[in-house]
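# Fold and contact review
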Amino acid sequence: MDSYQQVVIALLCVVSLKSSHPLASVFNVKEFGAKGDGETYDTAPIRTACIALHRAGGGTLLFPAPGTYLTGAFNISSNTVVYVAQGAKILGSTRGDDWPLLVARDVWPQMGHGSDCVPGDESCRLMHQALLFSWHTNNVTVTGGGEVDCNSKDDTWWKCAKNLAEPPCNGYGRPHCVMFSNSTSVIMSHLTVQNSPDWTLHFSGCTTVHVHDLNVLNPIEPNADGIDVDASQEVLVENNYFSVGDDALCVKSGIDYFGRIVGRPSKNIIFRNNLIGTGHGITIGSETSGGVQNVTFENITMNKTGTGIRMKSQRGRGGVVQDIVYRNINMIDIEGQCIQTTLNYHHDIAPTNASATPVLKNVLIENVYCKKAGNSYLLDGLPEQHILNFSLRNVTLGSEVGKEAGCDNIDCTCVKVSPCPSCCKVVN
């Protein structure tokens, strides 16, 4: 049995065990005073229900249908099912004060600071809490068939990304829509999640995560990623649709010094049977400083996507990315490159010490078809650190794919590849 099969079996066993123990105590937010009319702020009754559930040791936090629950951020505790019924919607407040400020280094240590700011500034020390937030928890499910709408707009969170002094940022970095930090045994399923201020689904330092049967929707807005698996392990993401504003599926492990000090790699991760619309690709990086190991993307179709297969890092990051597989990827219409692999994500950075120099090795890309794209390949290592053992097998690019964007500082081979990148060796 190979490592891929072992990861799948382990994840499914955890999911089966968890689903066999439903949480019977129901905390209906309407019974705590929530109106669900989409106009009244339901933040206080929802938070009161969360506190009662926590004191009871767990239960189901129910958002019944019909109802649109306008709310600020709230906390999810251990042994909780958040059930957003079909026909119900959690709608995020557009008032910044309804999203409390957290110490970024506490809840996101491998990043060390919030978004949209210069590290070391006061604006980086704190960040707004995610709408649905869970920290140091175990055994949490978010499901139900309804919607989580973080309610970002061009005149609210997306606008203040360019100037944190403006509301609702009010001087600090944008929140994510859903964030689990240092949590174990997490399931998200059967929901629509949309209009995120920043990253949509963020799993930071988590272990044993299953994400399935979601629709994740954002317009083309800054950093509106679909899912970010960040310094997390034993993760299965399957049977979802993502159409977002930045990286659709993404693996990260912390940035620069902070990521290397925390040193927790993302590993044992599978993305399978996902459909990708708009977005910047199915991605590893660029924040890879804690390392990335044993990641598989397979059975994925992409259409109207900015970039196809994407791996990115840069000088200063450090970290080792290794044992990566992209398999059975069908790209219909890609704006940029079919396959982009670069250690020069931000150019013109001077060479640095070995610990801050990124390493990428042992990559297999097989059974890939790209029908239409702006460019075929961008394969771009470093003179001091080539990309190593990079294999292309059974890769076909259609007649509507543009020319190669670059190929240098990479040790790569092609088996049944048409066309083979110019700097790679054809192997019969």
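Our subject is the structure listed above.
A few points on the structure. (Residues numbered from 1 in each chain as written. Predicted model: local features only at pLDDT ≥ 70, side-chain atom pairs only at ≥ 80, totals over all residues. Heavy atoms only, no water.)

Broken down by element type, the protein carries six helices and 30 strands. Taking 22 Å as the expected radius of gyration for a compact globule of 428 residues, we find that the protein reaches 21 Å, a close match to that expectation. Projecting the C-alpha coordinates of the protein onto the three principal axes gives extents of approximately 70 × 45 × 40 Å. The buried share of the protein, reckoned over its 428 residues, is 61%. Summing over all exposed atoms, the protein offers an accessible surface of approximately 15,900 Å²; the carbon and sulfur share of this is 50%. Across the protein, 31 positive and 40 negative side-chain charges occur, with their mean positions spaced 3 Å apart. (Helix = DSSP H or I, 4+ residues; strand = E, 2+ residues; numbered from the N terminus. Rg over C-alpha atoms; globule rule 2.2 N^0.38 Å. Buried < 20%, exposed > 50% of the residue type's maximum accessible area, 1.4 Å probe, protein only. Areas by Shrake-Rupley, 256 points an atom, 1.4 Å probe, with all protein chains shown as cover. Lys, Arg positive; Asp, Glu negative; His and termini not counted. Charge placed at Lys NZ, Arg CZ, Asp CG, Glu CD.)

Once that is clear, we can look at the nonpolar core. By size, the foremost hydrophobic cluster in this structure holds 95 residues, and its most contacted members are Met188, Phe271 and Ile365. Apart from residues no more than four positions distant in its own chain, Met188 is found in contact with Val142, Val178, Phe180, Val193, Leu201, Phe203, His210, Val211, His212 and Leu214. One finds Leu102, Met127, Phe133 and Trp199 within the second-largest nonpolar core, a separate group that totals eleven residues. (Core = buried A, V, L, I, M, F, W, Y, C linked by side-chain atoms within 4.5 Å. Contact = heavy atoms within 4.5 Å.)

Let us now look at the environment of Asn428. Tracing the chain through its elements places Asn428 in the segment after β30 (425–426). The class of Asn428 is exposed, set by a relative accessible area of 94%.

Turning next to the pairing of strand β29 (residues 410–418). In this structure, strand β27 (residues 387–401) lies alongside β29, joined through seven bridges in parallel fashion. The partner of Leu392 across the bridge, within β29, is Cys414. Where β29 and β30 come together, two bridges link them in parallel fashion. Bridging from a neighbouring strand, Cys414 pairs with Val426 of β30. (Pairing = 2+ DSSP bridges.)

Glancing now at unusual backbone geometry. The step from Ala65 to Pro66 runs through a cis peptide bond, and the omega angle for that step is -5°. Here Pro66 lies in the loop between β3 (59–63) and β4 (67–71). For the bond from Gly285 to Ser286, the omega torsion is 0°, close enough to zero to count as cis. With a phi close to 55°, Ser185 is a non-glycine residue in the positive phi region. Structurally, the position occupied by Ser185 is in strand β14 (residues 184–194).

As a further point, take the state of the cysteines. Applying the stated criterion across every chain, the model contains seven disulfides. Here Cys117 engages in a disulfide with Cys124; their sulfurs sit 1.9 Å apart. Measuring handedness by torsion sign, the sulfur bridge of Cys117 and Cys124 sits at about 105° and is right-handed. Two residues share a disulfide in this structure: Cys407 and Cys423, whose sulfurs sit 1.9 Å from each other. Here the disulfide of Cys407 and Cys423 is left-handed, its torsion about the S-S bond being about -70°. With Cys407 in strand β28 (residues 406–408) and Cys423 in the loop between β29 and β30, the pair connects residues that are 16 residues apart, well separated along the chain. Here Cys50 stays free of any disulfide, with the sulfur of Cys150 as its closest cysteine sulfur at 15 Å. Accessibility expressed as a relative area gives 11% for Cys50, which makes it buried. The closest cysteine sulfur to the non-disulfide-bonded Cys206 is located on Cys250, 15 Å from its own sulfur. (Disulfide = S-S within 2.5 Å.)

Time to look at helix α2 (residues 43–56). Helix length check: α2, at 14 residues, gives a terminal C-alpha distance of 20 Å against a target of 20 Å (1.5 Å per residue), a fit within 8%. Every buried residue of α2 is accounted for by Thr43, Pro45, Ile46, Ala49, Cys50 and Leu53. Residues of α2 that are buried sit in contact with β1 (26–28), β2 (37–41), β3, β4, β5 (74–75) and β6 (80–84). Just downstream of α2 lies Gly57, where phi reads positive at about 85°. (Expected span 1.5 Å × (residues − 1).)

Bringing the environment of Leu388 into the picture now. Among the structural elements, Leu388 can be located in strand β27. For the pair Leu388 and Lys361, spaced 27 residues apart in sequence, the C-alpha separation works out to 4.5 Å. Those residues within four positions of Leu388 in sequence are excluded, and the remaining contacts are Leu360, Lys361, Asn362 and Asp411.

For the structure on display, the rule yields 15 salt bridges. Across the pair Glu147 and Lys89 runs a salt bridge, and its minimum N-O distance is 3.9 Å. Remark: Lys89 occurs in strand β7 (residues 88–92) and Glu147 occurs in strand β12 (residues 147–149); sequence separation between them is 58 residues. For Arg95, the salt bridge goes to Asp98, with nearest N and O atoms at 2.8 Å. One continuous salt-bridge network, built from bridges that share partners, spans Asp116, Arg174 and Asp198. (Salt bridge = Lys/Arg side-chain N within 4 Å of Asp/Glu carboxyl O.)

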